[in-house]
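Listed below, chain by chain, are the residues.
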Amino acid sequence: MAEQDLIEAARALLDFCRARKLTIAAAESCTGGLLAATLTEIPGSSAVFDRGFVTYSNNAKTAMLDVPVNLLATFGAVSRETAQAMASGALALAGVDLAVAITGIAGPGGAMPGKPVGLVHFAAASRGGRLSHHARQFGDIGRAPVRIASVAQALVMLRALAEAEAPYPA
């Protein structure tokens, strides 16, 4: 996905959430703040985007998002369980309506048995109690393409969550 396409997807998400008075937080690991940077590229994004947590290390995930140490030890940073804990932590700690989490292996190194380069786990959580997960295997396509594709996936998940959460005007 081209940078301009990401910006347009972010703009559409922000416009949708602004109209429905929904706020967003992001918890990012392998994207290192790229989702937050994409959202804040849009003027007026502060009406919707509250904050981003860049939790690259396991210690940061625990300290900033309350991801349990034993969960990380059991499942690892790149897992459904960790992504969901990150999203839930961001939602609770930011006090927003919607949160998304991204954790994966952008490469070129970092692969381990069962967790190849390009594997990314996503989770989205809402104040209304929804919690979703999606895993993508982008493959060893390069660090930047994995990060960009991950931001695109996170925007799609946030939009779907916002549509499910938002009351429709009468």
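Remember, predicted model here, so these are calculated numbers, not experimental data. (Residues numbered from 1 in each chain as written. Predicted model: local features only at pLDDT ≥ 70, side-chain atom pairs only at ≥ 80, totals over all residues. Heavy atoms only, no water.)

> Where do I start with helix α1 (residues 3-19) in this structure?
Turn by turn, an α-helix covers 3.6 residues, leaving residues three or four places apart pointing in a common direction. Between its terminal C-alpha atoms α1 stretches 24 Å, which fits the 24 Å expected from 17 residues at 1.5 Å a residue. Within the span of α1, buried status applies to Leu6, Ile7, Ala10, Leu13, Leu14, Phe16 and Cys17. At the C-terminal side of α1, Lys21 shows a positive phi close to 60°. (Helix = DSSP H or I, 4+ residues; strand = E, 2+ residues; numbered from the N terminus. Expected span 1.5 Å × (residues − 1). Buried < 20%, exposed > 50% of the residue type's maximum accessible area, 1.4 Å probe, protein only.)

> Help me understand the sheet that holds strand β3 (residues 98-104), please; the structure alone is not making it clear to me.
The strands that make up a sheet pair up through hydrogen bonds in the backbone, lying either parallel or antiparallel. Ordered in space as β2-β1-β3-β4-β5, the 5 strands form an open sheet in which the pairing is mixed. At either end of the open sheet lies a strand with only one pairing partner, and these are β2 (49-54) and β5 (131-137). On average, each strand axis in the sheet is inclined to that of its neighbour by 15°, with strand direction left out of account. Inspection of the sheet shows strand β1 (residues 24-28) paired to β2 by 5 bridges, in the parallel sense. In the sheet register, Glu28 faces β2, and the bridge partner there is Val54. Those strands touched by helix α5 (residues 80-94) are β1, β2, β3, β4 (119-126) and β5, and its axis lies near 35° from that of β4. On the sheet, helix α6 (residues 143-165) packs against β1, β3, β4 and β5 and is oriented at approximately 25° with respect to β4. (Pairing = 2+ DSSP bridges. Axes fitted to C-alpha atoms, helices over the stretch in contact; angles between N-to-C directions. Contact = heavy atoms within 4.5 Å.)

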